[in-house]
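Close look at the chain arrangement
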Amino acid sequence: MEKVVITGATSFIGVHLIEELLKSECEIYAVVRPNSSNLIRLQPSEKIHVVELDMNHYSELADHIGKADAFYHLAWNGARAPLRDDAEIQKNNYECSLITIDQAKKMGCNFFFGSGSQAEYGKMQEYVSEAFDCQPITEYGKYKLKACDSLMKTAVDAGMKFIWTRIFSIYGQYDYSKTLVMSCIDKMRNNEPVETTAATQLWDYLYVKDAAKSMVQFADKNCESGIYNLASGEIKPLKDYVTEIKEVLGSSSELRFGAIPYGPNGPVNLRPDISKVRSVGVLNEITPFKEGIAETIKNL
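Structure report, in brief.

What counts and what doesn't
- Residues numbered from 1 in each chain as written.
- Predicted model: local features only at pLDDT ≥ 70, side-chain atom pairs only at ≥ 80, totals over all residues.
- Heavy atoms only, no water.
- Core = buried A, V, L, I, M, F, W, Y, C linked by side-chain atoms within 4.5 Å.
- Buried < 20%, exposed > 50% of the residue type's maximum accessible area, 1.4 Å probe, protein only.
- Contact = heavy atoms within 4.5 Å.
- Pairing = 2+ DSSP bridges.
- Helix = DSSP H or I, 4+ residues; strand = E, 2+ residues; numbered from the N terminus.
- Axes fitted to C-alpha atoms, helices over the stretch in contact; angles between N-to-C directions.
- Salt bridge = Lys/Arg side-chain N within 4 Å of Asp/Glu carboxyl O.

On to the nonpolar core, then. Among the nonpolar cores identified, the biggest contains 63 residues, and Ile-6, Ile-18, Tyr-72, Val-181 and Phe-218 are the most heavily contacted of them. Aside from chain neighbours lying at most four places away, what touches Ile-18 is Ile-6, Ala-9, Ile-28, Ala-30, Leu-42 and Ile-48. Judged by nonpolar contacts, the second largest core, of 32 residues, contains Leu-53, Tyr-58, Cys-96 and Ile-227.

Right, here's the structure in full:
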């Protein structure tokens, strides 16, 4: 890849994707909201060209950028509750996604990467492969699934390689402060009590730098277009992850498992099957959770 476009460039994942791409010789066009306060996350580099453009003006992308080889579409508003169930916001995300792939075609891109979510699957307890019957229960999940279907059809018709990753739980620097991992780190650094559910549900966490590396690998691998689960494959009870964070920090926080009741649907397992992604040589090397947590803490 010589010229790469990234929407959502200063997002949690976008920043780490750019860091990974900077290891190559490609020119990076980082598409960000006008006057974004997150621009300070991007390291200074002559290879990074910032394009300030709101999502609703993505139809101007080709005019600002010209020709390009690859397009990573990460921008998506309202990814967290309660906006996950705001149908208007999610519909707008979907419509903007359709515009991005039309712009990618106009730029002459031969690779398009879309950022999906495990929310497309809906409720799941067993191991979930890409063949799972998707029944999303949030507007976010429904429109992500709709975007996947529409973008894939457009890409295939245009002869573009298309990769759609269904991302499970990612952690690391720049993660949202209210996630379980980041809130545990915050409390444990101050030796405060940590209250959770019984945390017996099975879970999978992937370090964000591993996720970013895999996204770059997809562009280089001779793999089929399609949907790929993106996760670590290291599945264990959620309480084990909480305990490991405490061990890394050497915290004296009291862990109050069970202090918070489960919701009406009870505990939900998150067990992704990543055999497909590994079969194409992606995510074969995973950062152990404790190492990823130590790196995350160091960069706070």
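Here the narrative resumes.
Strands sit in the order S7-S9-S11 across an open sheet of three strands; the sheet is mixed. The open sheet has two edge strands with one neighbour each: strand S7 (169–171) and strand S11 (235–237). Between one strand and the next, the sheet's axes are offset by a mean angle of 50 degrees, whatever the strand orientation. Where strand S9 (residues 202–207) meets S11, three bridges bridge the pair, whose relative direction is antiparallel. Within the sheet, the bridge partner assigned to Trp-203 lies in S11 and is Lys-236.

With that settled, the discussion passes to the pattern of salt bridges. Tallied over the entire structure, the rule returns 13 salt bridges. Measuring nitrogen to oxygen at the nearest pair gives 3.2 Å for the salt bridge that ties Arg-256 to Glu-254.

Turning to the pairing of strand S1 (residues 3–7), a few remarks are in order. Across the five residues that make up S1, a large majority, five, are buried. Of the two faces of S1, both are covered, the one formed by Lys-3, Val-5 and Thr-7 as well as the one formed by Val-4 and Ile-6. Of the pairings in the sheet, the one linking S1 to strand S2 (residues 27–32) comprises five bridges and is parallel in character. Bridge pairing in S2 places Lys-3 opposite Glu-27. Looking at chain direction, S1 and strand S4 (residues 70–73) are connected through four bridges and run parallel.

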